[in-house]
2 protein chains.
Amino acid sequence: MKKFEEKTIESKEIFKGKIITLQEDIVELPNGKTSKREIIKHPGAVAVIALTEEGKIVMVEQYRKALERSIVEIPAGKLEPGEDPYDSAMRELEEETSYTCGALEHLISFYTSPGFADELVHLYLAKDVVLKENARPADEDEFVEMLHLSLEEAQEYVLHQKIYDAKTAYAVQYLLIQKLQGKR
Amino acid sequence: MKKFEEKTIESKEIFKGKIITLQEDIVELPNGKTSKREIIKHPGAVAVIALTEEGKIVMVEQYRKALERSIVEIPAGKLEPGEDPYDSAMRELEEETSYTCGALEHLISFYTSPGFADELVHLYLAKDVVLKENARPADEDEFVEMLHLSLEEAQEYVLHQKIYDAKTAYAVQYLLIQKLQGKR
């Protein structure tokens with residue numbers, strides 16, 4: 001959909017990092033005027049809501065430098081160049097939690113911050129995950145601690161803001177609605 | 001919570017824009033090694049799930065340059081310097097939709113992209129909104145089209161990815177769970 005399209009007059013790359021790229025665009029608005037847009041290009045990411053055989057959701061607590069605090073999230077990570085989101089989700093689940101599963105189900109994809117970034121998160125469901133011996137190790141700059149929550153506990157975490165992360169809350173709410181509607 | 005804290009060794013501001021600031025930090029990891037972190041500082045934002053007297057949710061469709069497409073969202077916007085989130089939510093609702101209401105209810109706040117940005121969105125509920133004559137005009141670089149969806153229609157939009165925006169899906173799911181649990 002191109003409604004109210006903002007045509008690019010000029011696009012300047014300000015910074016190209018390991019993960020994100022920042023560009024500043026000058027755009028022509030629908031009324032003919034011009035404006036500036038600050039845009040973050042992101043490779044996209046995956047997130048996995050993983051359920052153990054006991055029906056517990058696997059969460060990880062990790063430090064987020066952008067927030068200067070640690071928060072509770074579902075396992076997630078950015079796409080590597082050329083990597084299929086499905087493979088990425090399998091990899092991130094194993095690296096961050098040592099859990100694996102037979103197959104993932106793609107639930108939904110969503111933009112996290114469309115006002116300034118193009119990050120698209122692909123959310124997968126992993127059922128009956130089991131701990132794998134000799135699982136792929138985490139990235140060497142990643143430190144996480146696992147916790148296991150029932151769906152109802154996770155929703156309490158959301159409502160009391162012990163889960164502060166949108167993608168995690170999204171995933172928890174998604175499953176809870178399916179459960180309340182008798183679909184799962 | 002400071003678990004697995006990453007101590008800042010050096011922080012360099014790369015870009016300071018109208019809305020976002022980009023910095024690159026060198027951090028000391030819990031194992032003593034160092035790593036780089038690319039971080040976006042954002043002023044924070046508000047979003048409003050507004051219900052008309054007929055119980056329809058007010059949505060806006062707008063072009064998002066970062067995505068190069070228009071998407072359907074609940075009214076939202078960034079905080080102005082020093083602005084209280086409540087006042088910001090009232091302002092954004094009026095500017096983007098011409099709707100106003102007597103009072104807002106704060107539902108929840110969440111981080112949209114904690115992996116690289118500190119954007120915190122404060123979500124408010126506006127009930128029984130009414131169109132205001134002589135409403136504050138939209139920002140001059142903002143073009144939006146309104147639509148009205150029932151809660152069930154909005155959830156269909158989420159599931160079929162006609163709503164692609166995380167904060168909007170979050171808000172719709174939040175209300176739907178309250179309805180399914182008989183709380184609203």
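Residues numbered from 1 in each chain as written. Chains lettered and ligands numbered in written order. Predicted model: local features only at pLDDT ≥ 70, side-chain atom pairs only at ≥ 80, totals over all residues. Heavy atoms only, no water.

As recorded in an unreviewed UniProt entry, chain A goes by ADP-ribose pyrophosphatase and comes from Falsibacillus pallidus. Heading Cofactor (unreviewed entry) of the UniProt record for chain A holds this comment: "Mg(2+)". (UniProt positions renumbered as here; feature names shortened; annotations may be inferred.)

Trainee: Help me understand the overall build of chain A in this model?
Mentor: Across its full length, chain A carries three helices and eleven strands. Expressed along its principal axes, the backbone C-alpha trace of chain A runs to roughly 60 × 40 × 30 Å. Pairs at least 24 residues apart make up 54% of the contacts formed inside chain A by residues separated by at least 6 positions. Treating the 24 positive side-chain charges of chain A as one cloud and the 35 negative ones as another, the clouds have centres 6 Å apart. (Helix = DSSP H or I, 4+ residues; strand = E, 2+ residues; numbered from the N terminus. Contact = heavy atoms within 4.5 Å. Lys, Arg positive; Asp, Glu negative; His and termini not counted. Charge placed at Lys NZ, Arg CZ, Asp CG, Glu CD.)

Trainee: Please explain the interface of chain A and chain B as it appears in this structure.
Mentor: One widely used convention gives an interface's size as the accessible area the parts lose upon coming together. Facing 76 residues of chain A, the contacting portion of chain B comprises 76 residues. The interface formed by chain A and chain B includes eight salt bridges. Across the pair K3 of chain A and E145 of chain B runs a salt bridge, and its minimum N-O distance is 2.7 Å. Summed over the shared surface of chain A and chain B, the result is 34 residue pairs in polar contact (both at pLDDT 80 or more). Ranked by residues supplied to the side of chain A that touches chain B, first place goes to helix 3 (residues 166-180) of chain A with nine residues. Classifying every residue of the side of chain A that touches chain B by side-chain character gives 35 nonpolar, 15 polar and 26 charged. (Salt bridge = Lys/Arg side-chain N within 4 Å of Asp/Glu carboxyl O. Polar contact = N/O pair within 3.5 Å; in protein donor to acceptor, adjacent residues only side chain to side chain. Nonpolar A, V, L, I, M, F, W, Y, C, P; charged D, E, K, R; others polar.)

Trainee: Would you take a moment to explain the sheet that holds strand 1 (residues 7-16) of chain B for this structure?
Mentor: In a beta sheet, neighbouring strands pair by backbone hydrogen bonds and run either parallel or antiparallel. Residues and elements named next belong to chain B. Sheet architecture is open: three strands sit in the order 1-2-3, paired in antiparallel fashion. The open sheet has two edge strands with one neighbour each: strand 1 and strand 3 (34-41). On average, each strand axis in the sheet is tilted by 20 degrees relative to the strand beside it, whichever way the strands run. As paired strands, strand 2 (residues 21-28) and strand 3 are joined by eight bridges and run antiparallel to one another. Within strand 3, the residue paired with T21 across the bridge is K41. (Pairing = 2+ DSSP bridges. Axes fitted to C-alpha atoms, helices over the stretch in contact; angles between N-to-C directions.)

Trainee: Hey, could you run me through the sheet that holds strand 3 (residues 34-41) of chain A in this one?
Mentor: Residues and elements named next belong to chain A. Read across the sheet, three strands follow the order 1-2-3 without closing on themselves; strand pairing throughout is antiparallel. Pairing within the sheet leaves two strands with one partner each, and these edge strands are strand 1 (7-16) and strand 3. Strand-to-strand, the axes of this sheet are offset by a mean angle of 20 degrees, without reference to chain direction. Across eight bridges, strand 1 lies against strand 2 (residues 21-28) in antiparallel orientation. If you follow K16 over to strand 2, its bridge partner there is T21.

Trainee: Any chance you could explain the pairing of strand 6 (residues 69-73) of chain B here in plain terms?
Mentor: Along any regular strand, the residues point their side chains to alternate faces of the sheet. All names here are of chain B. With five of its five residues buried, strand 6 lies for the most part within the structure. Pairing between strand 5 (residues 57-64) and strand 6: five bridges, direction antiparallel. Counterpart to R64 in the pairing with strand 6 is R69. (Buried < 20%, exposed > 50% of the residue type's maximum accessible area, 1.4 Å probe, protein only.)

Trainee: Sorry if this is basic, but what is going on with helix 3 (residues 166-180) of chain B here?
Mentor: Side chains three or four residues apart in an α-helix point the same way, a direct result of the helix having 3.6 residues per turn. Residue and element names in this part refer to chain B. Here helix 3 contains 15 residues, and its C-alpha end-to-end distance of 21 Å stays within 8% of the 21 Å for a straight helix at 1.5 Å per residue. Burial within helix 3 is extensive, with 13 of its 15 residues counted as buried. Positioned one or two residues after helix 3, G182 has a phi angle of 70 degrees, which is positive. (Expected span 1.5 Å × (residues − 1).)

Trainee: Just to check I follow, could you spell out the environment of L29 of chain B for this structure?
Mentor: Its location among the elements puts L29 of chain B in the loop between strand 2 and strand 3. Residue classification places L29 of chain B among the buried positions, given a relative accessible area of 3%. Sequence-distant contacts of L29 of chain B, defined by excluding residues within four places in its chain, comprise E140, D141 and F143 of chain A together with E6, T34, S35 and R37 of chain B.

Trainee: Help me understand the UniProt feature "domain: Nudix hydrolase" (unreviewed entry) in chain A in this model?
Mentor: If you check UniProt for "domain: Nudix hydrolase" (unreviewed entry), the listed places come out as residues 40-171 of chain A in our numbering. In this annotation, residues 40-171 of chain A is assigned 21% helix and 41% strand; the end-to-end C-alpha distance for the span is 24 Å.

Trainee: Just checking my understanding: could you explain the pairing of strand 4 (residues 45-52) of chain B for this structure?
Mentor: Residues and elements named next belong to chain B. Burial within strand 4 is extensive, with eight of its eight residues counted as buried. Covered by surrounding structure in strand 4 are A45, A47, I49 and L51 together with V46, V48, A50 and T52, the residues of both alternating faces. As defined by bridge partners, strand 4 adjoins strand 10 (residues 120-131) across seven bridges and the pair is classed as parallel. Each bridged residue has a counterpart across the sheet, and for T52 the counterpart in strand 10 is V129.

Trainee: Looking at this structure, I do not really get the relation of the copies chain A and chain B. What am I missing?
Mentor: Taken together, a rotation about one axis and a shift along it account for how the two chain copies relate. Mapping chain A onto chain B calls for a rotation angle of 180 degrees and an axial translation of 0.0 Å; the resulting RMSD is 0.0 Å. Both copies are brought into coincidence by an operation consistent with a two-fold rotation axis. Of all interface residues in chain A, 100% are interface residues in chain B too; the two copies therefore contact each other through one and the same surface. (Least-squares fit on C-alpha atoms with pLDDT ≥ 70 in both.)

Trainee: Can you walk me through the nonpolar core in this structure?
Mentor: Soluble, globular proteins show a tendency: their nonpolar side chains are buried together. Within the largest apolar cluster, 61 residues are counted, with the highest numbers of intra-cluster contacts made by I49, M59 and L123 of chain A together with I49, M59 and L123 of chain B. Dropping the residues within four chain positions of it, M59 of chain B is found in contact with V72, E73, I74, E145, M146, L147, L149, A154, I163, T168 and V172 of chain B. (Core = buried A, V, L, I, M, F, W, Y, C linked by side-chain atoms within 4.5 Å.)

Trainee: I tried to follow the confidence of the model for chain A on my own but got confused; where do I start?
Mentor: As a general rule, the predicted coordinates of low-pLDDT regions are not to be interpreted in detail. Per-chain confidence: chain A averages 96 in pLDDT, with 99% of residues scoring 70 or above. Listed scores for the predicted complex are pTM 0.96 and ipTM 0.95. (pLDDT = per-residue confidence, 0-100.)

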